[in-house]
Amino acid sequence: MIISVASGKGGTGKTLISTSLARLWADGNKAVTYVDADAEEPNGHLFLKPDVIEEKRFTVKIPTLEGRTCAAHGKCQEICAFNAILSAKGSVIVFDELCHGCGACVLACPEGFLQETGREIGTITHGDSNGLEFYSATLDVGEARVTPLISGVVEASTENADGDRLVVIDAPPGTSCSAMAAVEIADLVLLVTEPTPFGEHDLILALEMGKALGRKMAAVINRSDIGGDGTRALLEARSIPVLAEIPFDRAVAESYAASRMPMEDSSEFASSIVKLAQGLLSLAQGVSP
Amino acid sequence: MGKLVAITLEHAGDLDTLIDPRFGRAGVFLIVDAETREIISTIDNESVEAAHGAGTGAAATMSGANVDAVIAGRFGPKAYEALSRLGIQMWNAPQGLTAGQALDKMVAGQLTQMQIVKY
C-alpha cells in the first residue's frame, strides 16, 4: 500500500506528517518504508536519522556521437521535442539540461551513430531508522530537472515492496511533473493543507492533480485553528474525507525545529497522528484488495 | 551572392519593419542577402511558443536556413552557445531599428558583434 503525502502549497507539514506516520507504524511493528521524494530539498533524514546502508549515484541518459563524424541528416534535431540536440556540420550539439532522455534521437539517427551515455544528476540514499526502511533522493546542485530522480527513488523504494508493506512517500510541493512523479504510483494521496487562503488556493490545484491522475484522495488539515473555513468547505464539496485536524501547537514547532519527533513532545499531536493513521488504514481497506 | 543574414522581426514584413529584440522568441526571421539587400525568404519561428529550448530551437532553424549571421537585440545563453557552436555570427542591434537600418549598420561595421566562444 503506497501513500503519497502531498500538498499544493509548500510548508503545510508534509514532512512532519509523513515522518510521524512512518515512525508510528514502524514502532507498531508494521513493515514501513519512508521515501523522501522532495529531492530539491530533502529533510526527512533530519527527523528519522537513518543509518545509511547505501548511497547510489543516479544517472539520466543523454545522447552522444562518441566522437564520430556523421552526415548531419538532421533527423535527431527534427524529432527532439525539447530542442535539446542540434545537428551541425558532422557533429551534434547536445544541451544536457534540456534533454529528457527519451532516446528518440538515438532511434531517429539513420546511421545508428548516436548512443546513450549516463549523466549523473543526483544521489539515492537507502538507510535504516530503527527498523524503518528509509529512502531519499538528493538532486545535485545546479541541476535543473528533478523529475527523473524522483521517479528513480520511487521505483527503487517500491520495486520490492510487497502488498502488506506501508510505503509513505513524502512528495515535493506543487503540482508540476516532480510532484506528479511522487503521486502517480500511490494507492492513496494524503493532501496536507491548512485553512488559509493560500492553503485553499493551492489545495484546489492539488485536488485537480489527483483527479487528473485518477488517485484516491484524503486530507489532513494542519494548523486547523488558524484561518477560516474555506478549506473545509472545499474538501466537503469535493467529498474528500478529512482524516484529522491538527491544531497549532508551540510544543510541536519547538520539537520539530530541534529535529526531534514531535510525537514524543506533544501528546495532543501524537493522538492526532494516531487518529490519522487509523483513518488511512481503514480507507486503505477499501483501496487494496 | 553575399553573406546570408537572418534578421529578427516581430511579425512578417520587409526591410522597413522593426526588428524583434528577442532571438529565441522572435516572431519571424527575415533572410536577406547582405550584399544585394534582396529578401531571400521569411521563416516563421516555430520556437516562439516553446516551453523550453526556444533559443536552441531557433538556432536549429538558423542552421537549416544556412545563414552566416543573425541580427537580433539580444541572444539568450543557450542560443549563444548553440550559434557559437554552429559558427553563426551574432550581431546585437539596438531596439527601434528597422531591419534595413540594422543590416546597413552591420555592413558598415557599426553593430556590436558577439564574440564566438570555442566550446
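Residues numbered from 1 in each chain as written. Chains lettered and ligands numbered in written order. Predicted model: local features only at pLDDT ≥ 70, side-chain atom pairs only at ≥ 80, totals over all residues. Heavy atoms only, no water.

1. Looking at the packing of aromatic side chains
Residues and elements named next belong to chain B. What counts, and what does not: Ring geometry is summarised as follows: Phe, Tyr and Trp rings, the Trp one being its six-membered ring, pair when their centres sit within 6.5 Å, and such pairs are stacked at plane angles under 30 degrees, edge-to-face over 60 and tilted between the two. Only protein chains enter the accessibility calculation, which uses a 1.4 Å probe; a residue is then buried when its area is under 20% of its type maximum, exposed when over 50%, and partly exposed in between.
Per the stated rule, a full pass over the model turns up 4 aromatic pairs over all chains. Centroid distance F23 to F29: 5.7 Å. Interplanar angle 50°. Geometry classified as tilted. For the residue pair F23 and F29, the accessibility class agrees, reading buried in each case. The structure contains a cluster of three or more aromatic residues connected by ring pairs, namely F23, F29 and F75.

2. Details of the side chain of T231 of chain A
All names here are of chain A. We count it as follows: Runs of E in the DSSP output that reach at least two residues are strands. Runs of H or I that reach at least four are helices, and both are numbered from the N terminus. The contact definition used throughout considers only heavy atoms, calling two residues in contact when any of these lie within 4.5 Å.
Among the secondary structure elements, T231 is positioned in helix 8 (residues 230–237). You can call T231 buried: its relative accessible area is 1%. Sequence-distant contacts of T231, that is, excluding residues within four places in its chain, are made with T193, E194, P195, T196, E200 and L203.

3. Regarding the sheet that holds strand 4 (residues 69–72) of chain B
All names here are of chain B. Keep this limit in mind: Two strands qualify as a pair provided that DSSP identifies no fewer than 2 bridges between them. Axes here mean lines fitted to C-alpha atoms, for a helix over just the part in contact, with angles spanning 0 to 180 degrees between N-to-C directions.
In spatial order, the strands read 3-2-1-4-5-6; together these 6 strands make up an open sheet with mixed pairing. What marks the edges here is a single partner per strand, and that holds for strand 3 (39–44) and strand 6 (112–114). Going across the sheet, the axis of each strand differs from the next one's by a mean of 25°, ignoring polarity. The sheet contact formed by strand 5 (residues 89–92) and strand 6 spans 3 bridges and is antiparallel. In the strand pairing of strand 6, M90 is matched with M114. Across the face of the sheet, helix 1 (residues 54–64) comes into contact with strand 1 (4–9), strand 2 (28–33), strand 3 and strand 4 while running at roughly 30° to strand 2.

4. Let's talk about the domain arrangement of chain A
Which entries qualify depends on this criterion: Domain extents, as shown, originate in an automatic or database domain assignment.
Along its sequence, chain A is organised into domain 1 (2–58 + 122–285) and domain 2 (66–113). Here domain 1 of chain A and domain 2 of chain A have C-alpha centroids that lie 39 Å from each other.

5. Here's the deal with the interface of chain A and chain B
Here is the rule: Summed over both partners, buried area is the accessible surface (1.4 Å probe) that two parts give up on being assembled. The working definition used for a salt bridge is a side-chain nitrogen of Lys or Arg within 4 Å of a carboxyl oxygen of Asp or Glu. Counted as a polar contact is a pair of N or O atoms within 3.5 Å, where, for protein atoms, one must be capable of donating a hydrogen and the other of accepting one, and residues adjacent in sequence contribute only when both atoms are in side chains. For this classification, Asp, Glu, Lys and Arg are treated as charged, while Ala, Val, Leu, Ile, Met, Phe, Trp, Tyr, Cys and Pro are nonpolar and the rest, including Gly, are polar.
With 12 residues of chain A at the interface, the matching set in chain B holds 16 residues. Summed over both sides, the interface between chain A and chain B buries roughly 1000 Å², with carbon and sulfur atoms accounting for 63% of that surface. Viewed at the interface, chain B and chain A are joined by 0 salt bridges. For the pair chain A and chain B, the interface holds 2 residue pairs in polar contact (both at pLDDT 80 or more). For the side of chain A that touches chain B, the elements supplying multiple residues, two or more each, are strand 4 (85–88) and strand 5 (91–94) of chain A. In terms of residue class, the side of chain A that touches chain B is built from 7 nonpolar, 3 polar and 2 charged.

6. Points about the pattern of salt bridges
All names here are of chain A. Tallied over the full model, the rule gives 17 salt bridges over all chains. Here K9 and E194 are joined by a salt bridge, their closest N and O atoms 3.3 Å apart. Of this pair, K9 sits in the loop between strand 1 (2–6) and helix 1 (14–27) while E194 sits in the loop between strand 9 (188–193) and helix 7 (197–212); the two residues are 185 residues apart in sequence, bridging distant segments of the chain.

7. Some points on the packing of helix 7 of chain A against helix 8 of chain A
Residues and elements named next belong to chain A. Condition: Here the angle decides the label: under 35 degrees means roughly parallel, over 145 means roughly antiparallel, 65 to 115 means roughly perpendicular, and every other value means oblique. Should the near helix be turned anticlockwise from the far one by less than a right angle, the crossing is termed left-handed; should it be turned clockwise, right-handed.
Running from amino to carboxyl end, helix 7 crosses helix 8 at an angle of 20°, the nearest separation of the two axes being 9 Å. Viewed along their axes, helix 7 and helix 8 adopt a mutual orientation that is roughly parallel. In this structure, helix 7 meets helix 8 at a crossing whose hand is right-handed. On helix 8, the residues that touch E200, L203, I204 and L207 of helix 7 are G230, T231, L234 and L235. Residues belonging to the contact of helix 7 with helix 8 are distributed by class as follows: 5 nonpolar, 2 polar and 1 charged.

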